[in-house]
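Letter by letter, the chains look like this.
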Amino acid sequence: MKLECRTRLSESQLNALRRRRKDFMNLIGNGIAILPAAKPGDSPAGDRATYRQDSDFLYLTGCPETQALAVFIPQHPNFQSVLFVRERDALSELWNGPMMGVSDAGAILGFDQVFALSEMEKKIPEWLSHADTIFWDSSPEQEFFEQLRPLLQGSRLRRNGAEILNVRDVIHELRLFKDDVELEALRRANQIASSAHEAAMQFVRPGVSEFQVQAVLESVMRSAGSSQLGYPSIVAGGSNACCLHYNLNTCRLDEGDLLLIDAGCEWNFYTADITRTFPVSGKFTGEQRALYDLVLESQIKSIAAIKPGAKLSELNDLAGRILAEGLIHLGLLKGSVEEVLEKKRHKDFFPHGLGHWLGMDVHDVGRYRIKNVERPLEPGMCVTIEPGIYVQPGTADVDPRWHGIGIRIEDNILVTANGSENFTPCAKATSDVESLVGTMSPQLSTFFRTN
Ligand SMILES: [Mn+2]
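Since the model is a prediction, treat every value here as computed from it, not as a measurement.

Enquirer: When you look at the sheet that holds strand β17 (residues 411-415) in this model, what are you seeing that I'm missing?
Expert: Pairing is antiparallel across the open sheet formed by three strands, whose spatial order is β14-β17-β18. Each edge of the open sheet carries a strand with a single partner, namely β14 (382-385) and β18 (420-422). Looking at each pair of strands side by side, their axes are set apart by 30 degrees on average, direction ignored. Where β14 meets β17, four bridges bridge the pair, whose relative direction is antiparallel. Paired with Ile385 across the bridge in β17 is Asp411. Across the sheet, helix α11 (residues 286-304) touches β14, β17 and β18, and the angle it forms with β14 is around 160 degrees.

If you want it as structure tokens, here you go:
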């Protein structure tokens, strides 16, 4: 039996990988960088647990396999990008699937040179002796490095006290700025996740449980072509929405409840991160609508303020001011806007930040501050904008008619040269949301439930 390796990258993916490696090597100069693949899962399912490649490793290598190591040596005369992989092994492939192997990995992934993993200890010391800096991740959980540690400690470079820098810092700065291949993946992930959110709206009705809605949501994600979720789905009915990371998803949805869904799926390793909130019975109550419109206004105005040079803290302040004004107007907060903002009393209702970087990881990498100064937004950065209002049940000094309402609305935004592009096409205006709820065709509804 000879299994065919199924990893095939498109020309544009390969070009993107080559560009990233070139940019990366420009940043490491005369250094050497060493980066390992993620370890096999150590869950009870062992080798059969779902394997998710390390995002930094994937970003530079495109390699899906575990037990692999990338080395970048910009000053090497013959080859600059090197990959160590396991040699093909028929028995392992019988149980665990095909491997690229030493002979094919170079062509598949566009590396200058590929060696068997067993040659690592022979090859690396020589390269180390020519570099002036070592870039790697020395954190203790990088078990795979245990074999490398003595090599690095014993190298001439280390004996001369050369610096070891964190390889991930360099990669994270690159990952903060998305290239065309990444943007395409984020767009696609958003289209799929948006359809899934809309299908959940169409499916929902009083009497179904949160996990039933979750099943529809996630089945649309997978059937539309996404192989995995970006993070565990939050499907929170009624006052469960006031718990920010609720994901029990076990409660029954009742007439009059809002349902908050925060869920996203991946496309080619890039994830969407979308939140929508809608009425289970298809009609917002007066209180729900008032708070929803307020959250939506703050979201739309924050997105409109995104452009190169703007800062996340300014957007946070803008959204906070709009929410504070609205909460005062509706009687949930008392006092002047300046007083409320000064004492941060609006944070009782909006306790989280407005957004975060988005990419391969849902809370994506990249520094928010450089030398303790906040960095401005630049074209190519992707960010979520997700204001919310949560009125905890039993909140003192707030009329009980507001209690238990939790609302968040979240879109995924690319910073462009002139402003921004919203990747999230999912319905969010109250009228659009209301006209979707409960409209799933009887045939499809029957497919999704048996009662
Ligand atoms: Mn988010």
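Enquirer: Teacher, can you tell me more about helix α9 (residues 180-203) here?
Expert: One turn of an α-helix holds 3.6 residues; hence residues three or four places apart share an orientation. Taking 1.5 Å of rise per residue, 24 residues should cover 34 Å, and α9 covers 35 Å from first to last C-alpha, within 8% of that figure. When you tally the buried positions in α9, you get 17 out of 24 residues, the bulk of the element.

Enquirer: I would appreciate a short explanation of the environment of Arg175 in the present structure.
Expert: Summarising the element assignment, Arg175 is placed in helix α8 (residues 167-175). As for Arg175 and Leu358, which are separated by 183 residues in sequence, their C-alpha atoms are 9.9 Å apart. Setting aside anything within four residues of it in sequence, one finds Arg175 in contact with Tyr59, Gly359, Asp364, Val365 and Gly366.

Enquirer: I'm lost on unusual backbone geometry in this one. Help?
Expert: Even without being glycine, Gln67 reaches a positive phi, approximately 55 degrees. Phi is positive for Asn268, close to 50 degrees, though the residue is something other than glycine. You can see Asn268 is positioned in the loop between β9 (266-267) and β10 (270-271). Take Asn268: there are 18 C-beta atoms within 10 Å of it, and that puts it in the partly exposed class.

Enquirer: Help me understand the packing of helix α1 (residues 11-28) against α8 in this model?
Expert: The axes of two packed helices give the description: the angle between them and the distance between them. Contact geometry for α1 and α8: axes closest at 10 Å, N-to-C directions at 130 degrees. Comparing the axis directions of α1 and α8 gives the class oblique. The element α1 and its partner α8 pack so that their crossing is right-handed. For the pair formed by α1 and α8, the contact residues are Arg20, Asp23, Phe24, Leu27 and Ile28 on the first element and Val170, Ile171 and Leu174 on the second. Looking at the contact of α1 with α8 residue by residue, the class counts come to six nonpolar, no polar and two charged.

Criteria and cut-off values
- Residues numbered from 1 in each chain as written.
- Predicted model: local features only at pLDDT ≥ 70, side-chain atom pairs only at ≥ 80, totals over all residues.
- Pairing = 2+ DSSP bridges.
- Helix = DSSP H or I, 4+ residues; strand = E, 2+ residues; numbered from the N terminus.
- Axes fitted to C-alpha atoms, helices over the stretch in contact; angles between N-to-C directions.
- Contact = placed C-beta atoms within 7 Å.
- Expected span 1.5 Å × (residues − 1).
- Buried ≥ 20, exposed ≤ 12 C-beta atoms within 10 Å, placed from the backbone.
- Parallel < 35°, antiparallel > 145°, perpendicular 65-115°, else oblique.
- Left-handed = near helix turned anticlockwise from the far one by under 90°.
- Nonpolar A, V, L, I, M, F, W, Y, C, P; charged D, E, K, R; others polar.

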